[in-house]
Amino acid sequence: MELLTVAEMASADQAAIAAGTSGFALMRSAGQAVALAAEAMAERGRILVVAGRGNNGGDGFIAAAELAARGRDVSVILLCDRASLKGDAAFAAEEWNGAVLPCDPRAIGKPNLIIDALFGAGLNRPVKGDPYAMIAAMNASGVPILSVDLPSGINGDTGEVMGIAVEASATVTFFRRKPGHLLLPGRVHCGEVDVADIGIDADVLDRIAPKTFENVPDLWADVFPFPQADGHKYARGHAVVVSGDAVSTGAARLAARAALRAGAGLVTVASPRDALAVNAAALTSVMVRETETPKQFGELLADKRLKACVIGPGAGIGERTREIVHAALSAHRAVVLDADALTSFAGAPETLFAAIKKQNDPQVILTPHDGEFGRLFSALRSDDPHGSKLEHARLAAVQSGAVVLLKGADTVVAAADGRAAITANAPPWLATAGSGDVLAGIIGGMLAQGVPAFEAACIGAWMHGEAGQEFGPGLIAEDLPEMLPAVLRNLYDEIGIAY
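Residues numbered from 1 in each chain as written. Predicted model: local features only at pLDDT ≥ 70, side-chain atom pairs only at ≥ 80, totals over all residues. Heavy atoms only, no water.

1. Here's the deal with the sheet that holds strand E13 (residues 306-311)
How we decide: For two strands to be treated as a pair, DSSP must find at least two bridges joining them. We count a stretch as a helix when DSSP gives it H or I for four or more residues in a row; a strand needs E for two or more, and each element gets its number in order from the N terminus.
The 11 strands lie next to each other as E1-E9-E18-E17-E16-E15-E14-E13-E10-E11-E12, forming an open sheet whose pairing is mixed. A strand with exactly one partner marks an edge of an open sheet, and here the two such strands are strand E1 (2-3) and strand E12 (287-290). Direction of pairing for strand E15 (residues 364-366) relative to strand E16 (residues 403-406): parallel, over a ladder of two bridges. Its bridge partner being in E16, Leu366 is matched across the sheet by Val404.

This is how it looks when you write it as structure tokens:
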């Protein structure tokens, strides 16, 4: 589940070499893994390897030699003069006894499979000239492409397309994935990603101490709030969701039902007087409490059994919402701030950040989509307009003092201590009105059960994606909470918890 930056992967390679495995041995293992994947993708016909001058090209030469030794028809195109190759890449080229075709897109022809071994993960400059033309021709060929490490043209740390990038059918990477495998648009260029073992001991991770992870159950299973046989509803936590006025109540109800389905023992909707009848008529398991003013909301939180607050879905933009947020923070509750709560502070975000940082160990989660993020962290975007989503989320967490969940198909969760997780299970049909309100509610349900903020945000994002997958096409937001029991059953089965 660890994700390694390009620099961290280089450190892993160096650690393996220092422990006695040569760089060429690692390259040979990588090339053999590519050859196995290529044979699985193309059981017959010609295979073309397009190689660059670096170690990625070396992996390609090893793969070509392995495939030829197994009787496959293999060709190689090299984007530089063979004599200019150096180090392990030069040794790998010596393994290949066949011809090397000229660097000409017309040489691609119509193979059954192309192995992309041009650049790998370390590319940090725009693709131009001959490589650009070659990638364009590979993409236009209509032939399945297997990329080595990462599709050429994708930045391994950011997922950015560096001018042009290979559109791979599948990718073989080594030891651990990189952020670029999960961040958009890199993820859509990768196809199915296989992580091959090339002989690097997992112990090297102890020295590297990576802080970026794929958001999967292994990341947070040890803090997941599995119900106990001797538990009761208050032991499972009480969440409160703030409603807007009579014409803006649906979002709060979506969040409230999601919090309850996610496992909170009790959920209350704090409702203005004019919305009481609407909310009460539409809710059964969720309670409703009149809360007209921020002062009344503060009085509600005098009940210490209320563990977590969800503020923002349909709450309204303005002074009332800002004061309710300050009341929740002053009461030292775990808080999810979403939608209107975030936009309410767009004019003066520093007041929100100061209030969060006043707390000792704040359990506060901000859940902006890209537009809300831009309004709340406009200075950050101005200072670093080309930064990656991962880096922006990390900087925002430090600036705000909160856990930041930056939404999208590649949702990033970041904490002020540098930890970050990328979520890759969100299906496209989650892009529907009210989906984010459900996400806020799931996270609120986790906070109510005592899950720490970073893990609560990760669990919420993962469960949200799984719920969307469970329902499938045609999803609307009301469907998501009803999918959570199936998501939980699947999780219990995966982890081995009886229910």
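Alright, that's what it looks like, and here's the rest.
2. What about the sheet that holds strand E8 (residues 192-196)?
A sheet is described by the order of its strands in space; here seven strands give the open sequence E4-E3-E2-E5-E6-E7-E8, paired in parallel fashion. Edge strands, defined here as strands with exactly one partner in the open sheet, are strand E4 (100-101) and E8.

3. A closer look at the packing of helix H12 (residues 319-330) against helix H14 (residues 349-358)
To keep things clear, this is the line we draw: Inter-axis angles, ranging from 0 to 180 degrees, are taken between N-to-C directions of lines fitted to C-alpha atoms, where helices are fitted over the stretch in contact. Note on angle classes: values under 35 degrees are labelled roughly parallel, values over 145 roughly antiparallel, values of 65 to 115 roughly perpendicular, and the remainder oblique. In this scheme, a crossing is called left-handed if the near helix is turned counterclockwise away from the far one by less than a right angle; it is called right-handed if the turn is clockwise. We call two residues in contact when some of their heavy atoms are within 4.5 Å. Polar here means any residue outside two lists: the nonpolar Ala, Val, Leu, Ile, Met, Phe, Trp, Tyr, Cys and Pro, and the charged Asp, Glu, Lys and Arg; Gly therefore counts as polar.
At a minimum axis distance of 9 Å, the contact between H12 and H14 shows a crossing angle of 15°. On the basis of their axis angle, the class for H12 and H14 is roughly parallel. Judged by the twist between their axes, the crossing of H12 over H14 is left-handed. Side by side, H12 and H14 meet where Val325, His326 and Leu329 of the first sit next to Thr351, Leu352, Ala355 and Ile356 of the second. When its residues are assigned to classes, the contact of H12 with H14 shows five nonpolar, two polar and no charged.

4. So, the nonpolar core
Filter applied, for reference: Take the buried residues of types Ala, Val, Leu, Ile, Met, Phe, Trp, Tyr and Cys, join any two whose side-chain atoms come within 4.5 Å, and each joined set is a nonpolar core. Three labels apply to residues, based on accessible area from a 1.4 Å probe with only protein chains included: buried if under 20% of the type maximum, exposed if over 50%, partly exposed otherwise in between.
Ranked by size, the top nonpolar core spans 58 residues in total, and within it Phe224, Leu447 and Met463 carry the most contacts. Looking at which element gives the most residues to this core, the answer is helix H19 (residues 453-471), with 10 residues. Once residues lying within four places of it in the same chain are set aside, the contact partners of Leu447 are Ala308, Ala334, Val335, Val336, Ile365, Pro452, Ala453 and Ala456. Core analysis: the next-biggest nonpolar cluster, separate from the first, contains 47 residues, Leu4, Ala33, Ala63 and Phe174 among them.

5. Here we look at the domain arrangement of the protein
Convention followed: As used throughout, domain bounds are those supplied by an automatic or database domain assignment. A 1.4 Å probe defines the accessible area here, and the buried area is the portion of it lost by two parts on being joined, summed over both. A carboxyl oxygen of Asp or Glu within 4 Å of a side-chain nitrogen of Lys or Arg is what we treat as a salt bridge. Definition of a polar contact: a pair of N or O atoms within 3.5 Å, with one able to donate and the other able to accept a hydrogen when the atoms are protein atoms, and with sequence-neighbouring residues admitted only if both atoms are side-chain atoms.
Split by domain assignment, the protein resolves into domain 1 (6-210) and domain 2 (217-495). The distance between the C-alpha centroids of domain 1 and domain 2 comes to 41 Å. For the domain 1 and domain 2 pair, buried surface summed over both sides reaches about 640 Å², with 70% attributable to carbon and sulfur atoms. When residues of domain 1 are sorted by the area they lose upon contact with domain 2, Leu182, Leu183 and Arg187 head the list and together hold 64% of the total. Here domain 1 is connected to domain 2 by zero salt bridges. Remark: the boundary between domain 1 and domain 2 carries two residue pairs in polar contact (both at pLDDT 80 or more). For the side of domain 1 that touches domain 2, the per-class residue count stands at four nonpolar, one polar and one charged.

6. Topic: the pattern of salt bridges
What the rule picks out here adds up to 18 salt bridges. Among the ionic pairs, Glu39 bridges to Arg70, the shortest N-O distance being 3.0 Å. Placement of Glu39 in helix H2 (residues 23-41) and of Arg70 in the loop between helix H3 (55-69) and strand E3 (74-78) is noted, with a sequence separation of 31 residues between them. Across the salt bridge formed by Arg261 and Glu482, the nearest N and O atoms sit 2.9 Å from each other.

7. Considering the side chain of Ser75
Assignment of secondary structure puts Ser75 in strand E3. Polar side-chain contacts of Ser75 include one of 3.2 Å to the side chain of Arg46. If we ignore the near neighbours within four places in the chain, the residues touching Ser75 are Arg46, Ile47, Leu48, Val49 and Leu101.

8. Focus on the UniProt feature "domain: YjeF C-terminal" (unreviewed entry) in the protein
Note the following rule: UniProt positions are given in the numbering used here, feature names are shortened, and annotations may be inferred rather than shown by experiment.
Mapped onto the present numbering, the UniProt feature "domain: YjeF C-terminal" (unreviewed entry) falls at residues 216-491. Between the first and last C-alpha atoms of residues 216-491 the distance is 11 Å; the span itself is 46% helix and 14% strand.

9. A word on the UniProt feature "domain: YjeF N-terminal" (unreviewed entry) in the protein
Under the UniProt annotation, "domain: YjeF N-terminal" (unreviewed entry) lies at residues 9-206. Strand forms 16% of residues 9-206 and helix 36%; the C-alpha atoms that close the span are 13 Å apart.

10. Things to note about the layout of surface pockets
Over the atoms rolls a probe the size of a water molecule, and in doing so it shows where empty space is left. This is how the line gets drawn: In the cavity and pocket records, a cavity denotes points on a 1 Å grid over the protein atoms alone where a 1.4 Å probe fits but cannot get out, a pocket denotes an open set with protein on both sides within 12 Å along at least 5 of 7 lines, and lining residues are residues with an atom within 4 Å of a point. Grid points are joined across faces, edges and corners, and a volume is the space filled by probe spheres set on the points.
In this structure, the largest pocket occupies an estimated 820 Å³ of space. Along the wall of the largest pocket there are 35 residues; nearest its centre are Gly54, Asn55, Asn56, Phe119 and Asp149. Taken together, the elements giving at least two residues each to the lining of the largest pocket come down to helix H1 (6-18), H2 and H3. Counting residues per element, the lining of the largest pocket draws most heavily on H1, at six residues. Partitioned by chemical class, the residues of the lining of the largest pocket number 18 nonpolar, nine polar and eight charged. Roughly 460 Å³ of volume is contained in the second largest pocket. In terms of lining, the second largest pocket is formed by 25 residues, of which the most central are Lys407, Gly408, Leu430, Ser435 and His464. Elements that contribute at least two residues to the lining of the second largest pocket include exactly helix H15 (370-376), helix H18 (435-448) and H19.

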